[in-house]
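The chain contents come next:
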Amino acid sequence: MKRLKIYLLAMLPLAFVTFSCDEEDAILEQQLKDNPLPEAPSGDPGVLDFSQYVAIGNSLAAGVMDGALYTDGQNHSIPALLAAQFQISGVGGGSFNQPDINSVNGYSGPGPDGQPGTSDDQGRFLLSLALAKPVPTPGELPTAYGGNKAELNNFGVPGMRITEVLSPSLANNPYYARFASAPGTSTVLGDALATSPTFFTYWLGSNDILQYAIGGGSNESLITSAQDFQDALSQSLGALVQSGAEGVVLTLPPYVLLPYFRAVPYNAIPMTDANEVAQLNAAFSGLNRALDGLVQVSQQSPLVNVSQQEADRRKVSYALGANPILIKDDALVDFDRPGGEFDILLALQLITPAERQALAPYGQSRPATANDLPTLASASVLGTAVGGNEQALVGITVPAADNLILSASEVQTVVGTRAQFNAIIAGVVAGINAQSNGSITLVDVQPAFADLFGLSPAAARFLIDPSQGTNQALEAMGEAAAAQADGQLGLEVDGHNLRPDFAPNGVFSTDGVHPNPRGNAIIANLIIDALNTTRGANIPHVNVIALRGIVATDL
């Protein structure tokens, strides 16, 4: 039987002892005298009204963890954790209803047959201790929400982009369609406003750049334009504030730090056999000679412009130990294009037709560097044989596809776009607050991420503000992140060091993107701290350590 383990940093053993009733009563009485029960917590809302709280967001609000939306993850969503604290005596929070998914494992995707809705569908991922990687559970497609849609409070929709909060076409997303008030005509914003909210949390914008990053930067159409981002943000926040509600807006965290981009190192190709190394180097000698040949031709012909530095960065050489992944980088000039550099070598009779054909896969290839970020998805593909050919191994003899690697230039795109979005968020919130007497509290999550991931102050400042001071809002965010960055990996919470990964003491779930319950609690507490500091509230913290981390299996 599969044994599941829930890892917590503090676990108390249970002892079962037989007592008579009188003895048990006497012991309980003495224990209560020596260790009186703490008083029930209480708080204060300050100037806020939490009686009708609504949450608008994407998968982070919905409670996605471990690659799926499932019951336990939903129960530990950031809004659900916040709502529980708002319901503490004196704070004034009302009931909080979520569109219950009613699924132990949820749905992460189709199984080996590639068909959704069949018996091999996959659900959430568990951490396999034996395999040292996430493994899927049996899953099931989401079904329609059977509760009262008019009484919902959590409007988090996995996959929702900021422009879709205003769009009826979001009904094409099954996670909205299952609880939309009128699929095809209603919108998330309209449904939320129909509840007459008094307070809201708003965390959108991740999918407007993160989907591009998760896909290895292979599809630029997944990046929302700055104008569309600003328009959707202004309209949705403006409507919420005009309804009389006050609320919180969160900034976007530095995505390139997520475990999804850090779990697989750039040099993930191990070599332990000297004979295999020699064979590989012999196989790539033709490519390396061709690249040197292009350098020589460049010195004699204006038709070719390949420097020695460019040739060297494309050359492939293996050695015993850890080796870089061979990747495709679409930012490189394609030497394999018709009439391109490889064809010129053939025309000059510097290579044979057979050699030209052998060069075809390497027109935009190079070994990865530390500036490239393999995705978590690459872990299941690297080293596999293409079409059953054991000589064609992904990332070794065949370049890993662009969608598996976030290249250095694509990393810059993600960093720059996210910063631009954060500048827009700060500007829109400031503009609305100037007209509404400060109705919105901006919560910047970036300093906590800089601390969690062990950034140096200089690295934190540059990652948060790549504009290097040309934008005042980003400059302030960069300084705040630098002030909290201590260069020490992990975050100290109640005497425990919680790590930025999906290990047993990590704060992320096994999908490498979404936090686990502890990670969600940390973010909830950032919101609570902001409200307590700026809005006169006194809301108790969520007990982070009392919540679970990841779920693992021995198999």
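Residues numbered from 1 in each chain as written. Predicted model: local features only at pLDDT ≥ 70, side-chain atom pairs only at ≥ 80, totals over all residues. Heavy atoms only, no water.

## Quick look at the overall build of the protein chain
For step 1, the next point in the chain: In terms of helices and strands, the protein chain carries 18 helices and 19 strands.
For step 2, the next point in the chain: Taken over the C-alpha trace, the protein chain has a radius of gyration of 27 Å; the compact-globule value for 555 residues is 24 Å, and the two agree within 12%.
For step 3, the next point in the chain: Its C-alpha atoms give the protein chain principal-axis dimensions of about 95 × 65 × 50 Å.
For step 4, the next point in the chain: For the protein chain, the share of sequence-separated contacts (at least 6 apart) that also reach a separation of at least 24 residues comes to 74%.
For step 5, the next point in the chain: For the protein chain, the accessible surface area stands at approximately 24,700 Å², while carbon and sulfur atoms represent 53% of it.
For step 6, the next point in the chain: Side-chain charges of the protein chain comprise 24 positive and 52 negative groups, with the mean position of each set lying 7 Å from the other. (Helix = DSSP H or I, 4+ residues; strand = E, 2+ residues; numbered from the N terminus. Rg over C-alpha atoms; globule rule 2.2 N^0.38 Å. Contact = heavy atoms within 4.5 Å. Areas by Shrake-Rupley, 256 points an atom, 1.4 Å probe, with all protein chains shown as cover. Lys, Arg positive; Asp, Glu negative; His and termini not counted. Charge placed at Lys NZ, Arg CZ, Asp CG, Glu CD.)

## A closer look at the sheet that holds strand β6 (residues 199-203)
For step 1, the next point in the chain: The strand order across the open sheet formed by 5 strands is β5-β2-β6-β7-β16, and the pairing between neighbours is parallel. A single partner strand is all that each edge strand has here, and the edge strands are β5 (154-156) and β16 (440-443). The mean angle between the axes of side-by-side strands here comes to 15 degrees, regardless of whether they run parallel or antiparallel.
For step 2, the next point in the chain: Of the pairings in the sheet, the one linking β6 to strand β7 (residues 246-250) comprises 4 bridges and is parallel in character. Residue pairing for β7: F199 is matched across the bridge by E246.
For step 3, the next point in the chain: Packed onto the sheet, helix α4 (residues 78-86) meets β2 (53-57), β5 and β6 and runs at close to 165 degrees relative to β2.
For step 4, the next point in the chain: Helix α18 (residues 517-534) rests against β6, β7 and β16 of the sheet, and its axis sits at about 130 degrees to β16. (Pairing = 2+ DSSP bridges. Axes fitted to C-alpha atoms, helices over the stretch in contact; angles between N-to-C directions.)

## Focus on the environment of S167
For step 1, the next point in the chain: Relative to the helices and strands, S167 resides in the loop between β5 and α5 (174-177).
For step 2, the next point in the chain: The spatial distance from the C-alpha of S167 to the C-alpha of G184 is 9.0 Å, given a sequence separation of 17 residues.
For step 3, the next point in the chain: Discounting residues that sit within four places of it in the chain, S167 has contacts with S186 and T187.
For step 4, the next point in the chain: A polar atom in the side chain of S167 sits 2.6 Å from the side chain of S169. (Polar contact = N/O pair within 3.5 Å; in protein donor to acceptor, adjacent residues only side chain to side chain.)

## What to know about the packing of aromatic side chains
For step 1, the next point in the chain: This model, assessed by the stated rule, comprises 15 aromatic pairs.
For step 2, the next point in the chain: For the ring pair F86 and F199, a centre distance of 5.7 Å and an interplane angle of 90 degrees mean the geometry is edge-to-face. Here F86 is found in helix α4, whereas its partner F199 is found in strand β6, with 113 residues between them in sequence. The two residues F86 and F199 agree in class, both being buried.
For step 3, the next point in the chain: Consider the rings of Y260 and F261, whose centres lie 5.2 Å apart with planes at 80 degrees: the pair is edge-to-face.
For step 4, the next point in the chain: Residue Y260 is classed as buried on the basis of its relative accessible area, which comes to 10%.
For step 5, the next point in the chain: On the basis of relative accessibility, which here comes to 1%, the residue F261 falls in the buried class.
For step 6, the next point in the chain: Through a chain of ring-to-ring contacts, three or more aromatic side chains come together here, namely F50, Y53, F86, F96 and F199.
For step 7, the next point in the chain: Taking NZ or CZ as reference, R124 lies 4.6 Å from the ring centre of Y70, over its face.
For step 8, the next point in the chain: The ring centre of F335 lies 3.5 Å from the NZ or CZ of R314, which sits over that ring. (Phe/Tyr/Trp six-rings, centres within 6.5 Å; stacked < 30°, edge-to-face > 60°. Buried < 20%, exposed > 50% of the residue type's maximum accessible area, 1.4 Å probe, protein only. Lys NZ or Arg CZ within 6 Å of the ring centre and 35° of its normal.)

## Examining the packing of helix α14 (residues 408-436) against helix α17 (residues 472-484)
For step 1, the next point in the chain: Two elements in contact, α14 and α17, have axes whose closest approach is 9 Å; the angle formed by their N-to-C orientations is 105 degrees. When the axes of α14 and α17 are compared, the pair comes out roughly perpendicular. Contact residues: α14 offers A419, N422, A423 and A426, while α17 offers A473, L474 and M477.
For step 2, the next point in the chain: Residues of the contact of α14 with α17, tallied by class, amount to 6 nonpolar, 1 polar and no charged. (Parallel < 35°, antiparallel > 145°, perpendicular 65-115°, else oblique. Nonpolar A, V, L, I, M, F, W, Y, C, P; charged D, E, K, R; others polar.)

## Some words on the packing of α4 against α18
For step 1, the next point in the chain: Put simply, α4 and α18 touch, their axes get as near as 9 Å, and they point 50 degrees apart. Overall, the two elements α4 and α18 adopt an arrangement that is oblique. Judged by the twist between their axes, the crossing of α4 over α18 is right-handed. Residues I78, L81, L82, Q85 and F86 of α4 lie in contact with α18, whose contacting residues are P517, N520, A521, I523, A524, I527, I528 and L531. (Left-handed = near helix turned anticlockwise from the far one by under 90°.)

## Some points on the confidence of the model for the protein chain
For step 1, the next point in the chain: Averaged over all residues, the pLDDT of the protein chain equals 93, while 93% of them reach at least 70.
For step 2, the next point in the chain: The model gives residues 1-28 a pLDDT under 50, and that stretch makes 34 contacts with residues more than four places away or in other chains. (pLDDT = per-residue confidence, 0-100.)

## As for the pattern of salt bridges
For step 1, the next point in the chain: Under the definition given, this model contains 13 salt bridges.
For step 2, the next point in the chain: We note a salt bridge from R356 to D343, for which the minimum N-O separation is 2.7 Å. Pair noted here: R356 is in helix α13 (residues 353-359) and D343 is in helix α12 (residues 341-347), with a separation of 13 residues, a long-range link.
For step 3, the next point in the chain: Taking relative accessible area as the criterion, R356 reaches 10% and is therefore assigned buried.
For step 4, the next point in the chain: R461 is paired through a salt bridge with E479; the nearest N and O atoms lie 2.9 Å apart. One end of the pair, R461, is in helix α16 (residues 457-464); the other, E479, is in helix α17, with 18 residues separating them in the sequence.
For step 5, the next point in the chain: Look at E479 and you get partly exposed, because its relative accessible area is 39%. (Salt bridge = Lys/Arg side-chain N within 4 Å of Asp/Glu carboxyl O.)

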